Amino acid sequence: MKKALLSALLSGALVCAAAPALAAADVAKPNVTILATGGTIAGSSASNTDTTDYKAGSLGIDVLIKAVPEMSDVATVKGEQISNTISGNISSEILLTLSKRINGLLGSEGQQGVVVTHGTDTLEETAFFLDLTVKSDKPVVLVGAMRPATAISADGPMNLLEAVTLAADKKAQKRGVMVVLNDRIGSAFYTTKTNSTTIDTFKAYEPGYLGVFVSGKPKFYYTPAKPVDSAFFDVSKLDSLPAVEILYSYQDQLPAMLDAALKNGAKGIVVAGSGNGNVSSKMEEAIKQLSEKGIPVVMATRAGAGYVSSKSFAIGSGFLNPQKSRILLQLALASGADLKQIAGYFDSQR
């Protein structure tokens, strides 16, 4: 009798012990969609040592997914090809398509996150645009590579795996759009490309990184938070964005390029000024006249980092670099904002 009872208890214990494992195995993996746009991560070359003269955007998203089967261990992955080009060719139309598609995907109950593969040259611009136009707490991750897929020690496969892992992780929620390369996790609001060729190019000098990958797992430094002055713009009904040009400042600069930009259709101008958004006296006077006419001019800095304060003659860009200032100005103009409202978006009081 005792043997029978012991046998029954052991059998029951084994069933109970196995139940959680079976239940865990039955839980569906998070759904992550990769939206591909091209870039070095999809690049190829006849030489496996070529890291500068390859053809970007030559491989499709299906090839990239098949090359990293480990992604299926962390998520159910699907891919969509939005474009396949160098990042310099990313247009307003592509940006709007991405934003609308991501908002649609993240609005569905079964979608955990979205990854966007992108060329690194303008990755920060697309990431910043999405940070301002995607309305969801679910993770959106921008990823690229500094070496093409055909190179020795190509960084794309690991970057892509980490991006999908991050997008599938619930701890990545409520952090805004993120950028992942070289094991680092950065905020799209602050992260920028700082070196033309090295794989540790993406940095956020002042605020730092959000986290790091260790043995394939994301480790965050902080609790979820978004940048203080991050705004949201609804682009669901937009088919294009107003033209905004960036001008680079230098000694003894003349204002002729301001006029050229406006004559060619620019609705606003960003100036990459020296230091704290400074320009020549002639440029300052010309910019002041444009501001008086209601044409927004944003003063950023060519220094690479730092805060640009409000100007008596123009809008200061705050913490935003010239390329991100252009994106914000485009969105502000598209929303119908006046000069005072635009200044507010840049955290400037005129």
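Rules of the game
- Residues numbered from 1 in each chain as written.
- Predicted model: local features only at pLDDT ≥ 70, side-chain atom pairs only at ≥ 80, totals over all residues.
- Heavy atoms only, no water.
- UniProt positions renumbered as here; feature names shortened; annotations may be inferred.
- Helix = DSSP H or I, 4+ residues; strand = E, 2+ residues; numbered from the N terminus.
- Buried < 20%, exposed > 50% of the residue type's maximum accessible area, 1.4 Å probe, protein only.
- Lys, Arg positive; Asp, Glu negative; His and termini not counted.
- Salt bridge = Lys/Arg side-chain N within 4 Å of Asp/Glu carboxyl O.
- Polar contact = N/O pair within 3.5 Å; in protein donor to acceptor, adjacent residues only side chain to side chain.
- Contact = heavy atoms within 4.5 Å.
- Core = buried A, V, L, I, M, F, W, Y, C linked by side-chain atoms within 4.5 Å.

Named according to an unreviewed UniProt entry, the chain is L-asparaginase 2 originating from Leminorella grimontii. Looking at the chain in UniProt, the text filed under Sequence similarities (unreviewed entry) is "Belongs to the asparaginase 1 family."

Caption draft 1: Structural view of unusual backbone geometry. The phi dihedral of Asp183 is positive, around 70 degrees, even though this residue is not glycine. Among the structural elements, Asp183 can be located in the loop between strand 5 (178–181) and strand 6 (184–187). A positive phi angle, near 50 degrees, is found at Ser215, a position not held by glycine. If you trace the backbone, Ser215 turns up in the loop between strand 9 (211–214) and strand 10 (217–220).

Caption draft 2: View of the side chain of Arg175. If you trace the backbone, Arg175 turns up in the loop between helix 5 (156–168) and strand 5. Although buried, Arg175 forms no salt bridge, and the nearest oppositely charged side chain, Asp169, lies 8.0 Å from it. Engagement of the side chain of Arg175 in a polar contact is seen with the backbone oxygen of Tyr222, the distance being 2.9 Å.

Caption draft 3: Just the environment of Ile327, in detail. In this fold, Ile327 is placed in helix 8 (residues 322–334). With residues near it in sequence (within four places) discarded, Ile327 still touches Leu95, Glu125, Phe128 and Phe129.

Caption draft 4: Representation of the nonpolar core within the structure. Ranked by internal contacts, the top residues of the largest apolar core, which has 47 residues, are Ile102, Leu130 and Leu142. Put simply, the parts of the chain that give this core at least two residues each are helix 3 (92–106), strand 3 (111–117), helix 4 (123–133), strand 4 (140–143), strand 5, strand 13 (297–301), helix 8 and helix 9 (339–345). Apart from residues lying up to four places away in sequence, Leu130 is in contact with Leu98, Ser99, Ile102, Val116, Leu142 and Val177. One finds Val32, Ala75, Ala172 and Leu210 within the second-largest nonpolar core, a separate group that totals 28 residues.

Caption draft 5: Up close: the side chain of Gln112. Examined against the element boundaries, Gln112 turns out to sit in strand 3. Residue contacts for Gln112: discarding those within four places in its chain leaves Pro30, Asn31, Lys138, Pro139, Ala167, Ala168, Asp169, Lys170 and Gln173.

Caption draft 6: Fine view of the UniProt feature "binding site: substrate" (unreviewed entry) in the chain. When the UniProt feature table is mapped to this numbering, "binding site: substrate" (unreviewed entry) covers Ser87, Thr120 and Asp121. A compact arrangement is adopted by the annotated residues: their sequence extent is 35 residues, whereas the largest C-alpha distance between any two is 6.9 Å. In contact with Ser87, other than residues within four places in its own chain, are His118, Gly119, Thr120, Asp121 and Thr122. A relative accessible area of 55% means that Asp121 is categorised as exposed. Among all residues touching Asp121, those that are not within four sequence positions of it are Ser87 and Lys193.

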